[in-house]
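# Chain and residue survey
Here's the letter readout for the chains.
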Amino acid sequence: MPLTTSSHSPASVDSAAVLPDEAISQIDRLARDAVEGDRTAGVIWAVVGGHDHETPVLAAGAAGERRLVDGERAPGSAPMDPATISRIASMTKSFTTAAVLRLRDEGRVRLDDPISRHVPEAAHLDPVTPDSPAITVRDLLSMSAGLVTDNPWGDRQEAMTREEFATMLAGGLGHVHAPGTGFEYSNTGFALLGRLIDELTGTPYDQYIAETFLRPLGMEDTAFSREGLDATRIATGHRLADREDRTRFEPVDFDSPGVFGAMAGLYSTVSDVATWVRFLAAANAPDAADRDQSLLRTSSRREMQQLHRLQDTPALPAGPDGASPGFTHVRGYGFGLVVERCPDLGEIVSHSGGYPGYGSFMVWHRDSGLGVVVLANSKYAPATRIAMDALRVIDAQAPHLLPARLPTAAPRTLEAAAAALDWLRAGIGAGPTSDDGRADDIADAWFADNMDLDISREERRRRLATALQRAGLGAGALEDLRAEDAEVLSRASVRWTVPGAAGDDAVGDDSAGRRRLRITLLMDPRAEALIQSLDTLALDSTGSPVTAG
């Protein structure tokens, strides 16, 4: 009996034109290796289409078994496939968050409300210190409440009833810091948010989430309870026993829905999670404002994906001088989602899930919307590693699918940029606007009131002449520059970089590269903006300013 199986979603029939076959093969190999290395009983993966793709799932596959007994496929069970239903664990937090923000958008709660204003049993919680503020809804959403991290204890509390939860809160909760002063992951905090939904809607949180998001989005294989799901497709979770071979995977009994399900209770498939990922990621699409807002405002979905609380990341090892060179990446928590900036991938949004017998991860590239979903049916399954490796495979094999979104200059910025170039050319006696009267007319029309106060027009011209000389350039260096060719830094800022002349004209430069002229423009903050800075600078081949001939 083979240990692994592989299959692809119907969308993969034409996905080769989008996702190279080699990339699909490498991702499938990642899943197979995890199973064959006895790191998980089974795993399912999917590549989620980005902003420019009509297809939700570009490719999907699976490896391993839905249920193992003594290292073998259980009688009546089946291999994992993309239609397998698994537990997504803490990825559930993004659904609970969306429900809370929907209620906020409707005016039923404010994020800065104390949770005790809406959840009666939370009134029993004492302040951490005499000067501590009350725990707010915002604190809970952003993992800033200071409650003690409760993994793995919280994973075993799913079936807790409201009455039992109230009794637990009456006994008080521990803390590690005052609310709003740091990051500390808390499942209990999201159980409180589930109770908030109960109280505000008069409907159990699981029913509200299903009616508000799951059914409208067509997520038919996603639910908080196994009832109503196709039992034959549900993957059994497995704990890891103290053995090294495939017999280490021991089935774990399913738990029942309760208060703590708001933090981790959902079952789903990779295709359903792909639908959810696309729903959230669409808030960052170029045409987000024109997309459907009925389920949850795009502004609220973007709010979920902003870094609200920085998480600690280890510093790189110290160098020869004893100092660390910095950090590999920046990581923080949004609202029910993790936000990271990676040197190679740029900004990504994600959430992992770990539950008795299960591991999961969803991640997407903010700029492109393309993502990866991995669900696995073993505790400590390498779902995060598989998904991140898969994203990097795509970046290596098809980098055009993960492009960085470049900023676009505002029309007025481009208009000002054209005027600024005319003024600069006039300042060095080049181009059709070389007379001082015309130059002053341009400055009068486009310079903000701080410009002449900061640096006189005469000095700006001297600085330009000096920068040109230090970059080894002559007066004609600006003749071919155009506003539309500038590098866009933001809607309000652009810059031009002009390579210096080779050879003797590049005074004092070394052979590693040429000097260059850098021109940077920044508009002021008004709607009818004017130029608030226009800087000219010579840079050496390392990018440092040249301060002398």
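Preceding block: the structure.
Before going further, it helps to examine empty space enclosed by the protein. The full count for this structure, using the stated rule, is one cavity of 30 Å³ or more. Reported here for the largest cavity is a volume of approximately 30 Å³. Lining the largest cavity we find D139, L140, M143, S144, A145, L147, S186, G189 and F190. Elements with a contribution of two residues or more to the lining of the largest cavity: α3 (137–141) and α5 (187–201). Looking at the lining of the largest cavity, its residues break down into five nonpolar, three polar and one charged.

Reading across the sheet, the four strands line up as β15-β16-β17-β18 and stay open at both edges, with antiparallel pairing between neighbours. Since the sheet does not close on itself, it has two edges, and those belong to β15 (487–490) and β18 (531–539), each with one partner. Each adjacent strand pair in this sheet contributes to an overall mean axis angle of 20°, direction not counted. Sheet topology places β15 next to strand β16 (residues 493–499); three bridges connect them, and they run antiparallel. Bridged to V488 within β16 is V494. Sheet strands touched by helix α14 (residues 457–470): β17 (516–523) and β18. Its angle to β18, the strand with the most contacts, is close to 30°.

As a further point, take the pattern of salt bridges. This structure, assessed with the given rule, holds 38 salt bridges. Between R239 and E250 there is a salt bridge whose closest N-O contact spans 2.8 Å. Placement of the pair is R239 in strand β6 (residues 237–240) and E250 in strand β7 (residues 249–252), with a sequence separation of eleven residues. If you follow the salt bridges from partner to partner, you end up with E121, R162, R195, D198 and E199 in one network.

Let us now look at the sheet that holds strand β2 (residues 57–64). Hydrogen bonds along the backbone pair up the strands of a sheet, which may run parallel or antiparallel. The strand order β2-β1-β14-β13-β12-β11-β10-β9 describes an open sheet built from eight strands, whose pairing is antiparallel. Strands with a single pairing partner mark the edges of an open sheet, and in this sheet they are β2 and β9 (309–310). In the sheet, β9 pairs with strand β10 (residues 330–333) via two bridges, with the strands oriented antiparallel. By the bridge assignment for β10, L310 is matched with G332. Contacts from helix α1 (residues 21–36) reach β1 (42–48) and β2 within the one sheet, and its direction differs from that of β1 by about 160°. Those strands touched by helix α10 (residues 383–397) are β1, β11 (338–342), β12 (346–355), β13 (358–365) and β14 (371–376), and its axis lies near 30° from that of β13.

Okay, the environment of T328 next. Residue placement: T328 occurs in the loop between β9 and β10. For T328, a relative accessible area of 40% gives the class partly exposed. For the pair T328 and M143, spaced 185 residues apart in the sequence, the C-alpha separation amounts to 23 Å. Setting aside chain neighbours within four positions, we find T328 in contact with L316 and P343. Here the side chain of T328 touches H329 through a polar contact of 2.8 Å, side chain to side chain.

With that out of the way, let us pick up α10. For α10, with 15 residues, the first-to-last C-alpha span of 21 Å sits near the 21 Å given by 1.5 Å per residue. Within α10, burial applies to A383, I386, A387, M388, A390, L391, V393 and I394. The inward-facing, buried residues of α10 contact α1, β1, β12, β13 and β14.

Turning our eyes to something else, we now look at the nonpolar core. In terms of nonpolar packing, the biggest core is built from 78 residues, with I115, V137, F165, L196, W276 and M362 touching the most fellow members. Here the element with the most residues in this core is helix α8 (residues 270–281); it accounts for eight residues. With sequence-adjacent residues up to four places away left out, L196 is seen in contact with V100, V109, I115, H118, V119 and V137. Judged by nonpolar contacts, the second largest core, of 40 residues, contains L421, A467, L517 and I519.

Turning our eyes to something else, we now look at the environment of V374. Checked against the element boundaries, V374 lands in strand β14. Its relative accessible area of 0% is what places V374 among the buried residues. The spatial distance from the C-alpha of V374 to the C-alpha of W45 is 4.4 Å, given a sequence separation of 329 residues. Contacts of V374, omitting those with residues within four sequence positions, involve V43, I44, W45, G359, S360, F361, A383, I386 and A387.

Definitions and limits used
Residues numbered from 1 in each chain as written. Predicted model: local features only at pLDDT ≥ 70, side-chain atom pairs only at ≥ 80, totals over all residues. Heavy atoms only, no water. 1 Å grid on protein atoms, 1.4 Å probe; cavity = no way out; pocket = protein on both sides within 12 Å on 5 of 7 lines; lining within 4 Å. Points joined across faces, edges and corners; volume = space filled by probe spheres on them. Helix = DSSP H or I, 4+ residues; strand = E, 2+ residues; numbered from the N terminus. Nonpolar A, V, L, I, M, F, W, Y, C, P; charged D, E, K, R; others polar. Pairing = 2+ DSSP bridges. Axes fitted to C-alpha atoms, helices over the stretch in contact; angles between N-to-C directions. Contact = heavy atoms within 4.5 Å. Salt bridge = Lys/Arg side-chain N within 4 Å of Asp/Glu carboxyl O. Buried < 20%, exposed > 50% of the residue type's maximum accessible area, 1.4 Å probe, protein only. Polar contact = N/O pair within 3.5 Å; in protein donor to acceptor, adjacent residues only side chain to side chain. Expected span 1.5 Å × (residues − 1). Core = buried A, V, L, I, M, F, W, Y, C linked by side-chain atoms within 4.5 Å.

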